Amino acid sequence: MTAKTLFDKIWDTHVVNQIEGGPSVLYIDRHLIHEVTSPQAFSGLEKRQLSVFRPERTVATADHNVPTINQHLPIDDELSRFQVNKLTENCERHGITLYGLNHPYQGIVHVIGPQLGLTQPGMTIVCGDSHTSTHGAFGSIAFGIGTSEVEMVLATQCILQLKPKKMRITVNGQLQENVTPKDVILYIISQISASGATGYFVEYAGEVFRNMTMEGRMTVCNMSIEMGARGGLIAPDETTFDYLKGKEFAPHGKDWDKALSYWQTLYSDEDAQFDHEITFYASDIEPMITYGTNPGMGIKITGSIPRLADIEEKERLSFSKSMQYMGFENGERIIGKPVDYVFIGSCTNGRIEDLRAVAAYVKGKKKADNITAWIVPGSKQVEKQAIEEGIVEVLEAAGFKMRQPGCSACLAMNDDKIPKGKYAVSTSNRNFEGRQGPGARTMLASPLTAAAVAVAGKIVDPRTV
Amino acid sequence: MALNKISTLRTTAVPLPIENVDTDQIIPARFLKATTREGFGKNLFRDWRYDNNDQPIQDFVLNNPTYSGEILVAGKNFGCGSSREHAAWAIEDYGFKVVISSFFADIFKSNALNNGVLPITVSEAVLQTIFTAIENNPKATFFVDLPNQTLLIEATGEAVPFEINPYKKECLINGYDDIDYLLSIKSKIEAFEAAKV
Ligand code: SF4
């Protein structure tokens, strides 16, 4: 038998049919949907007079376009209300489980999947959302799809996909204190650029990921798409199995034993070939922050923004445009820059460990007067746990505002927008122009850095304050 | 359901020499509340195209009457970011049939193909040639020949070959869509399911 990568092992067992010289027909084990990218897929289905082929394999939630206050009231914004209601109607009509607003399982689609045990090793998982890559943390092939593909999955439980190339990113060694999974992934993207992994599926390997918690691994896999990768995955191990054991939709009893013996075969064989391999060293990684308008524009928090002269000539126009948008000068240091907003949340860093990290830092401190600090838990369950653990109390005492679960200011589809020209340090994943609201200036960082910034009122190194 | 067919096309092009044009620029999130596929073209590049008072920003290329055509030419890594197919719908609805760049984000590329928009990847050097051709003459024309997989830069006479998956090429030329194909192999899918458990 030839040596196989983890990716190949999963892919190959899901190919229903191979079109000569074309894409593979890939069977999808788990399909997650939300209100924004599904309505047109359902209407397409209806136009063709089809029903959902395997409704039990699809799970829905409302997250992108929901308010984060007064979720018990009807949604104010008419279009948003219509869209969320449409999801409810579609799910009811087609027999799809929906964790809608006010359901104890509601939350950001990539937070609830793992939390409920819907996400399991060896699965193929898709969702009409690019950060579906998050689920790769469990050793599954998980990737974002467009609405036409959502329709394909609803209609046939399959999609057509060209097999991507494979890349392995290894990070060896031990991370320094206060260097977090978010810093690791921001570092990797800054090294290989926002398009450095386009066309590839990435496997993360090495000591750093082996030592990471499941939530940390999710943060890393989540941002795979920000370097262009189709997805990212990490071989499942004891950490994965411990996390899954007992989760509501994880296998139980005999099924668990059977699943476990399969999951234990999910790793890249020793001689497996990757199309591309990159190795980094943990000792090179420090707390990171972005200064520009794509996630590849990251630097060490103690570092300086590059000078125009250091940028390749054909990239200078884009770079200058970015600097102008951010209101930064070439070559400037980032430490000490004033900040107006701190946003803690999103499918990258809106989990309980993230909230714990923030609470541990701010306990007994107060946020700076110039800062508006929002904490948006990734799901109802995260919210509940944060209340039970006393985290909410600590954060509110420090002057942070707790909101209700949803995507919120990560993409600013609802009212949670950063005003034009204001600076936000955000634990989310995208710093594109206008991502957090028209004219908003986003700097991506870890929850720990964001907490330190909230207290200091400006950019600070979380290790020295 | 039938897609727009593309076979050959002679047209002028609109230059957007910016890199990493992400889907939040192509169609900002606040326009994703619609539940139909139509009408996104009017908000294509909304925040680059209109100011806060909804007035056209004169120096943005879509507001410049000098440039027109059914091809959009953009810098490296076009369509990065979210999986929103609304980006492809906006481009198609605005009237572009082809997008040329030196590099496309994966999801955008498949969304474009699923909506009858042809993404053409060219080398950095060719991309520069195209930008220069348009700069020298905004009315410069290009001839896209999908059956022969070539892009003719008529200003220079250069015929540039491009790659496209043969299956996807057939779909575009004939207006086929993937769901029709998947439905046609439903018995295979059922057999796969039966064998899996
Ligand atoms: S939190 Fe942000 S990145 Fe994650 S699913 Fe929601 S909008 Fe997308």
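Residues numbered from 1 in each chain as written. Chains lettered and ligands numbered in written order. Predicted model: local features only at pLDDT ≥ 70, side-chain atom pairs only at ≥ 80, totals over all residues. Heavy atoms only, no water.

### Observations concerning the sheet that holds strand β16 (residues 372-375) of chain A
All names here are of chain A. The strand order across the open sheet built from five strands is β17-β16-β15-β18-β19, with neighbouring strands paired in parallel fashion. Sheet topology places β17 (401-402) and β19 (441-444) at the edges, where each strand pairs with a single neighbour. As defined by bridge partners, β16 adjoins β17 across two bridges and the pair is classed as parallel. Bridge assignment links I375 to a residue of β17, and that residue is M402. Along the sheet face, helix α11 (residues 316-326) touches β18 (423-426) and β19 and points at about 105° away from the line of β19. (Pairing = 2+ DSSP bridges. Helix = DSSP H or I, 4+ residues; strand = E, 2+ residues; numbered from the N terminus. Contact = heavy atoms within 4.5 Å. Axes fitted to C-alpha atoms, helices over the stretch in contact; angles between N-to-C directions.)

### Re the site of the ligand
If you check the shell around the ligand, you find A:H64, A:I108, A:H110, A:D129, A:H131, A:S346, A:C347, A:C407, A:C410, A:L411, A:N429 and A:R435 and nothing else. Residue classes in the shell around the ligand are distributed as five nonpolar, five polar and two charged. (Near = heavy atom within 4 Å. Nonpolar A, V, L, I, M, F, W, Y, C, P; charged D, E, K, R; others polar.)

### Remarks on the interface of chain B and chain A
Listed as interface residues are 58 residues of chain B and, on the opposing side, 69 residues of chain A. At the boundary of chain B with chain A, total buried surface from both sides reaches about 5200 Å², with 58% on carbon and sulfur atoms. For the pair chain B and chain A, the interface holds eight salt bridges. Across the salt bridge formed by B:R37 and A:E151, the nearest N and O atoms sit 3.3 Å from each other. (Buried area = accessible area lost by both parts, 1.4 Å probe. Salt bridge = Lys/Arg side-chain N within 4 Å of Asp/Glu carboxyl O.)

### Brief notes about the side chain of B:Q25
Within the secondary structure, B:Q25 is located in helix α1 (residues 23-26). Among the residues examined, B:Q25 registers a relative accessible area of 5% and is labelled buried. (Buried < 20%, exposed > 50% of the residue type's maximum accessible area, 1.4 Å probe, protein only.)

### A closer look at the packing of aromatic side chains
Residues and elements named next belong to chain A. For the structure on display, the rule yields 20 aromatic pairs over all chains. Centre to centre, the rings of Y204 and F209 are 5.3 Å apart; their planes meet at 55°, and the pair counts as tilted. Ring pairs connect the aromatic residues F7, W11 and F201, which therefore count as one cluster. Note that R54 overlies the ring of F53, its terminal NZ or CZ placed 3.9 Å from the centroid. Over the ring of Y243 we find K247, and its NZ or CZ is 4.1 Å from the ring centre. (Phe/Tyr/Trp six-rings, centres within 6.5 Å; stacked < 30°, edge-to-face > 60°. Lys NZ or Arg CZ within 6 Å of the ring centre and 35° of its normal.)

### Some details on the environment of A:Q381
With respect to the element layout, A:Q381 can be found in helix α14 (residues 380-388). Sequence-distant contacts of A:Q381, defined by excluding residues within four places in its chain, comprise A:P104, A:Y105, A:Q115 and A:L116.

### Some words on the state of the cysteines
Residue and element names in this part refer to chain A. Going through the model one piece at a time under the given rule, you end up with zero disulfides over all chains. C221 forms no disulfide, and the closest cysteine sulfur to it belongs to C347, at a distance of 12 Å. Residue classification places C347 among the buried residues on the basis of a relative accessible area of 7%. (Disulfide = S-S within 2.5 Å.)

### With respect to the sheet that holds strand β1 (residues 15-18) of chain A
With antiparallel pairing, the three strands of this open sheet are ordered in space as β1-β2-β8 (chain A). The sheet is open, and its two borders are formed by β1 and β8 (158-161) of chain A, each paired with just one other strand. Mean inter-strand twist for the sheet, computed between neighbouring axes without regard to direction, equals 25°. Note that strand β2 (residues 24-27) of chain A and β8(A) share four bridges and pair antiparallel. The residue bridging A:L26 from the neighbouring strand is A:I159, located in β8(A). Helix α8 (residues 186-196) of chain B rests against β1, β2 and β8 of chain A of the sheet, and its axis sits at about 145° to β1(A).

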